[in-house]
Amino acid sequence: MLCERCHKRPATVHYTEIVNNQKKELHLCEECAREMGVSFGFPPQFPFHSLLSGLFFPAGEEVEAEREVRCPRCGLTEREFAARGLLGCPQCYSALRPAVEQVLRRVHGVARHTGKAPRRQKEVVGKLTEIERLRRELAEAVRREEYERAAELRDRIRELEKNTGGKAENGSKGNSD
Amino acid sequence: MGLRETLTNPRSRWMDGDGPEADVVVSSRVRLARNLKDFLFPHRLKPTQKEEVLHAVWVAASRPEVASRVGKLELVRLVDLTPVERQILVEKHLVSPDFIKGDLTGRGLLLREDEVVSVMINEEDHLRIQCLLPGLELEAAWKLADQVDDALELTLDYAYHQNYGYLTACPTNVGTGLRVSSMLHLPGLVLVGAIDEMITNLSKLGLAVRGLYGEGTRAAGDLFQISNQITLGRGEEEIVRHLYGIIRKLIAQERESRETLYRQREQLEDRVFRAYGILRYARAITSQEAMRLLSDLRLGVALGIIKGVPLGLVTELMVLIQPALVIKTVGKNLSPGERDVVRARLIRERLENIKGVK
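Conventions adopted
- Residues numbered from 1 in each chain as written.
- Chains lettered and ligands numbered in written order.
- Predicted model: local features only at pLDDT ≥ 70, side-chain atom pairs only at ≥ 80, totals over all residues.
- Heavy atoms only, no water.
- pLDDT = per-residue confidence, 0-100.
- Helix = DSSP H or I, 4+ residues; strand = E, 2+ residues; numbered from the N terminus.
- Contact = heavy atoms within 4.5 Å.
- Buried area = accessible area lost by both parts, 1.4 Å probe.
- Salt bridge = Lys/Arg side-chain N within 4 Å of Asp/Glu carboxyl O.
- Polar contact = N/O pair within 3.5 Å; in protein donor to acceptor, adjacent residues only side chain to side chain.
- 1 Å grid on protein atoms, 1.4 Å probe; cavity = no way out; pocket = protein on both sides within 12 Å on 5 of 7 lines; lining within 4 Å.
- Points joined across faces, edges and corners; volume = space filled by probe spheres on them.
- Nonpolar A, V, L, I, M, F, W, Y, C, P; charged D, E, K, R; others polar.
- Domains from an automatic or database assignment.
- Phe/Tyr/Trp six-rings, centres within 6.5 Å; stacked < 30°, edge-to-face > 60°.
- Buried < 20%, exposed > 50% of the residue type's maximum accessible area, 1.4 Å probe, protein only.

Moving on, we get to the confidence of the model for chain B. All names here are of chain B. Averaged over every residue, the pLDDT of chain B is 92; the share at 70 or more is 98%. No element of chain B has a lower mean pLDDT than helix α12 (residues 323–330), at 78, and none a higher one than strand β4 (residues 117–121), at 98. Predicted complex metrics record ipTM = 0.86 and pTM = 0.78.

Before going further, it helps to examine the interface of chain A and chain B. With 47 residues of chain A in contact, the opposing surface of chain B contributes 51 residues. Around 4200 Å² of area is buried between chain A and chain B when both sides are counted, 49% of it from carbon and sulfur atoms. Here chain A and chain B share five salt bridges between them. The partner of Asp150 of chain B in a salt bridge is Lys116 of chain A, and the shortest N-O contact between them spans 3.0 Å. Taken together, the connections running from chain A to chain B amount to 26 residue pairs in polar contact (both at pLDDT 80 or more).

Moving on, we get to empty space enclosed by the protein. Residue and element names in this part refer to chain B. Per the counting criterion, the structure on display carries three cavities of 30 Å³ or more. By volume, the largest cavity amounts to about 60 Å³. A per-class count over the lining of the largest cavity returns four nonpolar, four polar and one charged. When its volume is computed, the second largest cavity comes out at roughly 50 Å³. Taken together, Ser27, Ser28, Arg29, His93, Leu132, Ser181, Ser182, Met183 and Gln225 make up the lining of the second largest cavity. Secondary structure elements with two or more residues in the lining of the second largest cavity: β1 (25–34) and β8 (178–185). Split into classes, the residues belonging to the lining of the second largest cavity amount to two nonpolar, six polar and one charged.

When the parts of a complex come together, some accessible area is lost, and that lost area is often used as the size of the interface. Residue and element names in this part refer to chain B. When cut into domains, chain B gives domain 1 (3–258) and domain 2 (265–352). Summarising the inter-unit geometry, the C-alpha centres of domain 1 and domain 2 are found 26 Å apart. Taken together, the contact pairs 28 residues of domain 1 with 22 residues of domain 2. Between domain 1 and domain 2, the buried area comes to about 2300 Å², and carbon and sulfur atoms account for 69% of it. Between Arg11 and Glu316 there is a salt bridge whose closest N-O contact spans 2.4 Å. Remark: the boundary between domain 1 and domain 2 carries six residue pairs in polar contact (both at pLDDT 80 or more). Counting only elements with at least two residues in the side of domain 1 that touches domain 2, the list comes to α1 (3–8), α4 (83–91) and α6 (187–191). It is α4 that contributes the most residues to the side of domain 1 that touches domain 2, five residues altogether. Among the residues forming the side of domain 1 that touches domain 2, the class breakdown is 14 nonpolar, five polar and nine charged.

In total, this model carries three aromatic pairs over all chains according to the counting rule given. Seen in terms of ring centroids, Tyr93 of chain A and Tyr164 of chain B are 5.8 Å apart; in terms of plane orientation they differ by 40 degrees. Their pairing is tilted. Highlighted residues: Tyr93 of chain A in helix α4 (residues 92–95) and Tyr164 of chain B in the loop between β6 (160–161) and β7 (165–166), drawn from two different chains. Taken together, a centroid distance of 6.1 Å and an interplanar angle of 75 degrees make the contact between Tyr158 of chain B and Tyr166 of chain B edge-to-face. Here Tyr158 of chain B matches Tyr166 of chain B in class, with each residue buried. By the ring-pair criterion, three or more aromatic residues cluster together here, those being Tyr158, Tyr160 and Tyr166 of chain B.

Right, dumping it as structure tokens:
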């Protein structure tokens with residue numbers, strides 16, 4: 001059985017809660033269980049703002065003000081981000097990258113977009129993302145045993161890979177700031 | 001129609017009872033969050049800069065290419081509306097409650113005449129594109145929102161990052177910026193006592209459930225909004241399909257619950273006709289009581305227990321009886337007691353006009 005939260009690692013922590021004769025079960029991997037605080041005996045809940053502050057500033061740890069990371073464009077600090085849960089400008093995503101990625105992984109499970117791109121920017125980034133998206137669809141089609149659809153997708157991926165010089169594997173590693 | 005009509009007529013296209021699976025699904029909504037790359041996010045902007053954003057979006061939206069692709073969009077600035085009118089936009093689900101709070105400078109709403117397409121400007125993000133349709137129409141709503149997005153992007157430079165997708169003020173929306181939701185009427189699951197378990201299960205699947213208009217544990221009118229929470233790492237179609245699949249299952253469960261209830265037919269009939277009777281003749285009614293009875297009535301209409309009442313009218317009444325619309329209808333501020341009297345009259349008038357109820 002796979003972890004119900006990350007759907008990647010095997011579930012080794014099995015959590016059962018009975019309230020008013022209603023049984024609730026949760027199957028998680030150790031990592032997710034620790035992150036969600038299941039072992040402390042309260043039902044997993046993650047209100048976004050409290051989660052954020054706990055994420056960067058563990059109790060008792062203080063960051064010196066002058067050493068704190070700050071967005072060069074809008075001046076937002078990690079601390080301000082943690083307090084409000086909002087970023088200040090598009091550039092914050094790069095400037096506060098470690099904090100942002102931590103939050104993204106926690107909220108969405110991943111930190112990589114695979115959907116639509118603005119048409120006028122599509123030429124630059126569209127193809128690589130498109131390949132990733134198609135790969136996911138291919139895996140999905142195989143899982144559902146839709147082999148005709150899978151074959152179509154495979155051909156489409158090959159086509160795109162030819163056009164981008166087969167660089168799709170490196171797509172997520174480039175510096176995209 | 002037009003803006004004046006929007007602010008005086010409680011009816012909106014999404015309330016029509018003719019959408020797919022209308023017995024359970026009231027409406028479907030798609031929302032796309034977008035930001036302009038040359039501006040800080042709205043909460044960090046000075047009032048003059050917010051006005052610049054509003055202006056830039058309005059210029060992009062008023063181009064003929066946009067009108068020919070997705071229809072003409074009209075702009076209204078929040079500062080030009082009265083507080084009651086702003087509240088009406090909330091009650092008709094055209095804007096979020098947060099949108100009419102705080103400093104309203106630079107906030108505006110683009111609206112297509114039929115109210116299916118709307119764009120909030122300077123909410124949490126610079127643009128919140130929304131498409132709202134009756135019944136289970138997630139796919140159609142997504143396609144339309146996609147077109148509006150493309151049309152505006154012809155001239156607007158969006159904040160976009162190769163890894164993170166469309167950048168939003170809150171990281172919970174980043175990536176696709178897509179929030180897909182349906183409003184479901186689930187009196188069956190509530191009455192058989194299965195709703196809490198259902199809510200727990202849905203949250204395990206990464207979906208958010210919230211009661212509409214509700215206070216406390218029971219959502220007023222048994223209306224629930226179900227939406228995706230994850231916006232990053234999945235394609236738009238995948239997000240839409242995922243929610244669609246789950247809603248189809250929910251519909252089946254709700255219908256099954258209704259069948260269970262229908263086995264005690266007399267009890268259910270009694271409940272439905274009592275609801276109709278009170279709504280039809282009461283002289284004062286709180287919004288809470290009215291919502292409860294309208295829910296019973298909607299269930300009766302959906303099951304064919306009561307004939308002659310259009311489903312869309314019941315949905316419309318659920319909106320019409322909200323406080324701001326009640327005040328707007330009589331044109332002056334009312335005490336809660338006076339409101340209950342007006343509310344009962346509004347409901348009576350609507351139900352009097354339909355003939356052949358049985």
